[in-house]
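Structural features, examined
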Amino acid sequence: MSPLRFVAMGDSLTEGIGDPVADGWRGWAALLATGLAPPERDVEFHNVAVSGSQTADVLNRQLPEALVLRPDLVSVIIGVNDTLRCTFDIQAVAARLDQIYAAATRQGAHLLTACLPDPGAMLGLPGALARPLARRQRAVNAVVHALSERYGAVHLHLAEDEWVGDRALWSADRLHPGERGHRLVAARFHALLAARGLAAGSPPSCEPQLPLPARSASLWWLATAGTGWVARRCTDLLPQLLTLAADEVRHQVRGSSARLDLSASHAVAAALATLSAAEQPDAA
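Below is a summary of the structure that appears in this document. Quick caveat, the model's predicted, so the values are computed rather than measured.

Within the protein chain, the regular secondary structure consists of 13 helices and seven strands. Evaluated residue by residue, the protein chain yields a buried proportion of 50% over its 284 residues. Taking the intrachain contacts of the protein chain between residues at least 6 apart in sequence as the baseline, contacts between residues at least 24 apart amount to 79%. Within the structure as shown, the protein chain displays about 13300 Å² of accessible surface, and the carbon and sulfur contribution to it stands at 56%.

With that settled, the discussion passes to the sheet that holds strand S1 (residues 4–10). Strand order in the open sheet formed by five strands is S4-S1-S5-S6-S7, and the pairing between neighbours is parallel. Every interior strand has two partners, whereas the edge strands, strand S4 (43–47) and strand S7 (154–157), have only one. Recorded for the sheet is a direction-independent mean angle of 15 degrees between the axes of neighbouring strands.

What follows concerns the pairing of strand S6 (residues 110–115). The two faces of a sheet get side chains in turn, since along a regular strand they alternate between them. Among the six residues in S6, five count as buried, and that is most of the element. Inspection of the sheet shows strand S5 (residues 73–77) paired to S6 by three bridges, in the parallel sense. The residue of S6 that forms the bridge with Val74 is Leu111.

This part is about the layout of surface pockets. Empty space within the second largest pocket amounts to approximately 280 Å³. Every residue lining the second largest pocket is counted, 13 residues in all, and those nearest its centre are Arg135, Arg136, Leu244, Leu260 and Ala264. Of all the secondary structure elements, the ones that give two or more residues to the lining of the second largest pocket are helix H7 (127–150), helix H12 (238–254) and helix H13 (258–283). For the lining of the second largest pocket, the residue count by class is eight nonpolar, one polar and four charged.

Looking now at the side chain of Ser148. Here Ser148 lies in helix H7. At 2.7 Å, the side chain of Ser148 and the side chain of Thr113 are in polar contact. Every residue in contact with Ser148, bar those within four places of it in the chain, is listed here: Tyr101, Thr113, Ala153 and His155.

In this section: the packing of helix H5 (residues 90–106) against H7. Where H5 contacts H7, the axes come no closer than 10 Å and their chain directions differ by 30 degrees. Here H5 lies roughly parallel to H7, going by the angle between them. Viewed along their axes, H5 and H7 form a crossing whose handedness is right-handed. For the pair H5 and H7, contact is made by Ile90, Val93, Ala94, Leu97, Asp98 and Tyr101 and by Ala139, Val140, Val143, Val144, Leu147, Ser148 and Arg150, respectively. A per-class count over the contact of H5 with H7 returns 10 nonpolar, one polar and two charged.

Attention now goes to the pattern of salt bridges. Under the definition given, this model contains 11 salt bridges. Where Arg183 meets Glu179, a salt bridge forms, and the shortest distance between an N and an O atom there is 3.0 Å. Note that Arg183 and Glu179 are positioned in helix H9 (residues 179–195) at a spacing of four residues, about one turn of the helix. With respect to class, Arg183 is no different from Glu179; both count as buried.

Time to look at H7. Counted at 1.5 Å a residue, the expected span for H7 with its 24 residues is 34 Å, and the 34 Å between its end C-alpha atoms agrees. Positive backbone phi, approximately 65 degrees, marks Gly152, located one or two places after H7.

One can find Asp98 in helix H5. Beyond its immediate sequence surroundings of up to four residues, Asp98 is in contact with Leu147, Arg150, Tyr151, Leu275 and Glu279.

Residue pairs spaced three or four apart in an α-helix point in one direction, given the helix's 3.6 residues per turn. The terminal C-alpha atoms of helix H3 (residues 55–68), which comprises 14 residues, lie 19 Å apart, in line with the 20 Å expected from a rise of 1.5 Å per residue. At Gln62, H3 shows its largest kink, close to 45 degrees, and the proline Pro64 lies no more than four residues downstream. Residues Thr55, Asp57, Val58, Leu59, Gln62, Leu63 and Ala66 constitute the buried set of H3. The inward-facing, buried residues of H3 abut S1, helix H4 (80–83) and H5. Among the residues trailing H3, Arg70 stands out with phi positive, at a value near 45 degrees.

What counts and what doesn't
- Residues numbered from 1 in each chain as written.
- Predicted model: local features only at pLDDT ≥ 70, side-chain atom pairs only at ≥ 80, totals over all residues.
- Heavy atoms only, no water.
- Helix = DSSP H or I, 4+ residues; strand = E, 2+ residues; numbered from the N terminus.
- Buried < 20%, exposed > 50% of the residue type's maximum accessible area, 1.4 Å probe, protein only.
- Contact = heavy atoms within 4.5 Å.
- Areas by Shrake-Rupley, 256 points an atom, 1.4 Å probe, with all protein chains shown as cover.
- Pairing = 2+ DSSP bridges.
- Axes fitted to C-alpha atoms, helices over the stretch in contact; angles between N-to-C directions.
- 1 Å grid on protein atoms, 1.4 Å probe; cavity = no way out; pocket = protein on both sides within 12 Å on 5 of 7 lines; lining within 4 Å.
- Points joined across faces, edges and corners; volume = space filled by probe spheres on them.
- Nonpolar A, V, L, I, M, F, W, Y, C, P; charged D, E, K, R; others polar.
- Polar contact = N/O pair within 3.5 Å; in protein donor to acceptor, adjacent residues only side chain to side chain.
- Parallel < 35°, antiparallel > 145°, perpendicular 65-115°, else oblique.
- Left-handed = near helix turned anticlockwise from the far one by under 90°.
- Salt bridge = Lys/Arg side-chain N within 4 Å of Asp/Glu carboxyl O.
- Expected span 1.5 Å × (residues − 1).
- Bend = angle between axes of the 7 residues up to and from the residue.

Written as structure tokens, this is what we have:
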């Protein structure tokens, strides 16, 4: 029996940041891989995700590597880092995701996707700074939802869920799941796959092997590495984010904040309409 090939693409979430093992990081995808097939069938697991990646990195670097492996199952969880850049363009993000999903499924692979919580809320940023990031992440999630349905993906809803507010599931950095969080994501994906007959092994255990990170560890991360993380991510975003925040406050004072949400919704609709229009010649 040929092995089941599973390739995971994405950023730090899929790389496994927050779930340490002796030789580095493990993560939800590696945990899921152990339960995809029955004992008599081998699983070939390849994790090509790289921390900090954006949709362009997945399209241009990770996807070619993944396609060579001809996976039976491929996960694509990406987009948060796009929202943290001044170059953010939902139409470009949508076009890249469409290309990635299409290329993966064209080879016959089953696709795994997920929507994600916005980083501003996870970091606890002030409202005027957090809302523009939240709006961007909602736009990305809306695109992921629509394209996941189009390509028949196994989609996991992680954006608005009880797990977001459960600090026991998150690592000290408050941005990546801890071991418990990664195990939860793996178990939920396994349940969705099993319901479709795509996972025949035992589900990953939700019981952690490591203790919860102490609150002191969270505070230490925020005071040291966390400061550096924010500085690196905001080098090109901060000037624009301050402009977005000022615009946010201005609309709030005027009572016209709904216009910003409406504008974001129109941008998502336009991006998806563009993709649909591009498919029409092939459909004919």
